[in-house]
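Structural overview for review
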Amino acid sequence: MQRRAALLVVDVQLDFCPGGALAVPDGDQVLRPLNRYMELFNLRSAPIFASRDWHPEQSKHFREQGGVWPPHCVQGTLGADFHPGLRLPEGTIVISKGMAAWDNGYSALQGVTENGTPFAMLLRRMELDRLYVGGLATDYCVKESVLDALREGFGVTVLTDAIRGVEVQPGDSERALQAMLTAGASQATFASVRSSLQAEGETRPPA
Ligand code: VGL
């Protein structure tokens, strides 16, 4: 594990969970593993980012305006809220994306903080060099965020026990994972992430 790693929790919002406007099958199954990851990163004082789709009412991303998706995650609506079962630690940095009517907003790397700071710029400023990524949906926002982060020069580990896909076509999630790995991402699950974080903690020189 690199010294300067952070956790990115992608779009765990009500509209992407069962009962939501664009429900990902078993989308809420990411809650339990992500809560464990957040606890782990938080204990080690590693930064945690949570991205959210944050669309205007009128968006070319939506079917009515020529897009492919039903309206979802409209700014200020209940469906745009993070799932209440997601235990975001204090200090979690929220990244909003898809805020312009022309913007699909798939990639968190194109998102901004509450102050409007571009996420990629913030990652560099914080001298982070690896992102551990989980959330929704494997075949859209997780995939595009991971590919974008790799293009921007960051190391990326996909948390395969903490992602779920939309699966417009069966197999989309598996193809998305393969595309991420081919582009240079690693994959890991909880036990191995925990032990690499521990190993890193042990080798770190005393402060
Ligand atoms: C997403 C489809 C449409 C996602 C967003 O968060 O993965 N998927 N908009």
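What you see as residue numbers is a count from 1 along each chain, following the sequence as written. The predicted nature of this model means local features are confined to residues of pLDDT at least 70 and side-chain atom pairs, given and counted, to a pLDDT of 80 or more, with totals for whole chains, interfaces and linings taken over all residues. Computation of side-chain values covers all heavy atoms of the structure but excludes hydrogens and water.

Under the annotation held in an unreviewed UniProt entry, the protein chain carries the name nicotinamidase and is attributed to Geomonas propionica. UniProt positions are given in the numbering used here, feature names are shortened, and annotations may be inferred rather than shown by experiment. Looking at the protein chain in UniProt, the text filed under Pathway (unreviewed entry) is "Cofactor biosynthesis; nicotinate biosynthesis; nicotinate from nicotinamide: step 1/1."

1. Observations regarding the site of the ligand
Proximity criterion: a residue is near a molecule or strand once any of its heavy atoms comes within 4 Å of it. Contacts to the ligand come from Asp11, Phe16, Leu22, Asp53, His61, Trp69, His72, Tyr106, Leu136, Ala137, Tyr140 and Cys141. Using a 1.4 Å probe, accessible areas were evaluated by the Shrake-Rupley method; residue-level cover was limited to the displayed protein chains. Relative to its free-state accessible area of 260 Å², the ligand is covered by the protein chains to the extent of 100%. Residues are grouped as follows: nonpolar covers Ala, Val, Leu, Ile, Met, Phe, Trp, Tyr, Cys and Pro; charged covers Asp, Glu, Lys and Arg; every other residue, Gly included, is treated as polar. Its residues assigned to classes, the shell around the ligand shows eight nonpolar, two polar and two charged.

2. Quick notes on the environment of Val133
Runs of E in the DSSP output that reach at least two residues are strands. Runs of H or I that reach at least four are helices, and both are numbered from the N terminus. Examined against the element boundaries, Val133 turns out to sit in strand E4 (residues 130-136). Whether a residue is buried, partly exposed or exposed follows from its accessible area with a 1.4 Å probe, protein chains only, as a fraction of its type maximum: under 20%, in between, or over 50%, in that order. Exposure remark for Val133: the relative accessible area of 1% places this residue in the buried category. Put simply, Val133 and Leu7 are 126 residues apart on the chain and 6.1 Å apart in space, counted from C-alpha to C-alpha. Working rule for contacts: check all heavy atoms of both residues, and any pair within 4.5 Å makes them a contact. Those residues in contact with Val133 that sit more than four places away from it in its chain are Leu8, Val10, Val142, Val146, Val156, Thr157, Val158, Leu159 and Ile163.

3. What about the pairing of E4?
Of all seven residues in E4, seven are buried, a share of seventy percent or more. The two faces of E4 match: Arg130, Tyr132, Gly134 and Leu136 on one face and Leu131, Val133 and Gly135 on the other face are all buried. For two strands to pair, DSSP has to find at least two bridges joining them. In this structure, strand E1 (residues 5-10) lies alongside E4, joined through six bridges in parallel fashion. Its bridge partner being in E4, Leu7 is matched across the sheet by Tyr132. Here E4 runs beside strand E5 (residues 155-164); their pairing, made up of six bridges, is parallel. What sits directly across from Tyr132, in E5, is Thr157. When the strands point away from the viewer, a crossover counts as right-handed if the path from the first strand over the helix to the second runs clockwise. Running through helix H3 (residues 138-151), the crossover from E4 to the neighbouring parallel element E5 is right-handed.

4. Some details on the sheet that holds E1
Across the sheet, which stays open at both edges, the six strands sit in the order E3-E2-E1-E4-E5-E6 with parallel pairing between neighbours. Both edges of this open sheet fall to strand E3 (93-97) and strand E6 (186-188), since each of them pairs with a single strand only. Neighbouring strand axes in the sheet, compared pairwise and without regard to direction, differ in orientation by 25 degrees on average. Here, axes are lines fitted to C-alpha atoms. For helices the fit covers the stretch in contact, and angles between N-to-C directions go from 0 to 180 degrees.

5. A few points about the nonpolar core
The biggest cluster of nonpolar side chains holds 35 residues, and the ones touching the most others in it are Leu7, Tyr37, Phe41, Leu86 and Val193. Elements that contribute at least two residues to this core include exactly E1, helix H1 (31-43), strand E2 (48-53), E4, E5 and helix H5 (190-203). If we ignore the near neighbours within four places in the chain, the residues touching Phe41 are Ala6, Leu7, Ala46, Pro47, Ile48, Tyr132, Val193 and Leu197. Here, the term nonpolar core denotes a set of buried Ala, Val, Leu, Ile, Met, Phe, Trp, Tyr and Cys residues that are joined through side-chain atoms within 4.5 Å. Within the second largest apolar cluster, 27 residues are counted, among which are Val133, Cys141, Leu150 and Phe154.

6. Overview of the side chain of Asp15
Tracing the chain through its elements places Asp15 in the loop between E1 and H1. Here the positive residues are Lys and Arg and the negative ones are Asp and Glu; neither His nor the chain ends is included. Counted as salt bridges are all cases of a side-chain nitrogen of Lys or Arg within 4 Å of a carboxyl oxygen of Asp or Glu. Buried and without a salt bridge, Asp15 has Lys97 as its closest oppositely charged side chain, separated by 12 Å. Polar contacts, as counted here, are pairs of nitrogen or oxygen atoms within 3.5 Å of one another; within protein the pair requires one atom able to donate a hydrogen and one able to accept it, and residues that are adjacent in sequence qualify only if both atoms are side-chain atoms. In terms of polar contacts, Asp15 uses its side chain to reach the backbone amide nitrogen of Cys73, at 2.7 Å. Leave out the neighbours within four places in its chain, and Asp15 touches Gly20, Ala21, Leu22, Ala23, His72, Cys73, Gly79 and Ala80.

7. As for the side chain of Ser173
Along the polypeptide, Ser173 turns up in helix H4 (residues 172-182). On the basis of relative accessibility, which here comes to 15%, the residue Ser173 falls in the buried class. What Ser173 contacts, discounting residues up to four positions off in sequence, is Thr138, Asp139, Gly165 and Glu167.

8. Description of the UniProt feature "domain: Isochorismatase-like" (unreviewed entry) in the protein chain
Within the UniProt annotation, "domain: Isochorismatase-like" (unreviewed entry) is assigned to residues 5-186. Counted over residues 5-186, helix gives 25% and strand 19%. Its end C-alpha atoms are 13 Å apart.

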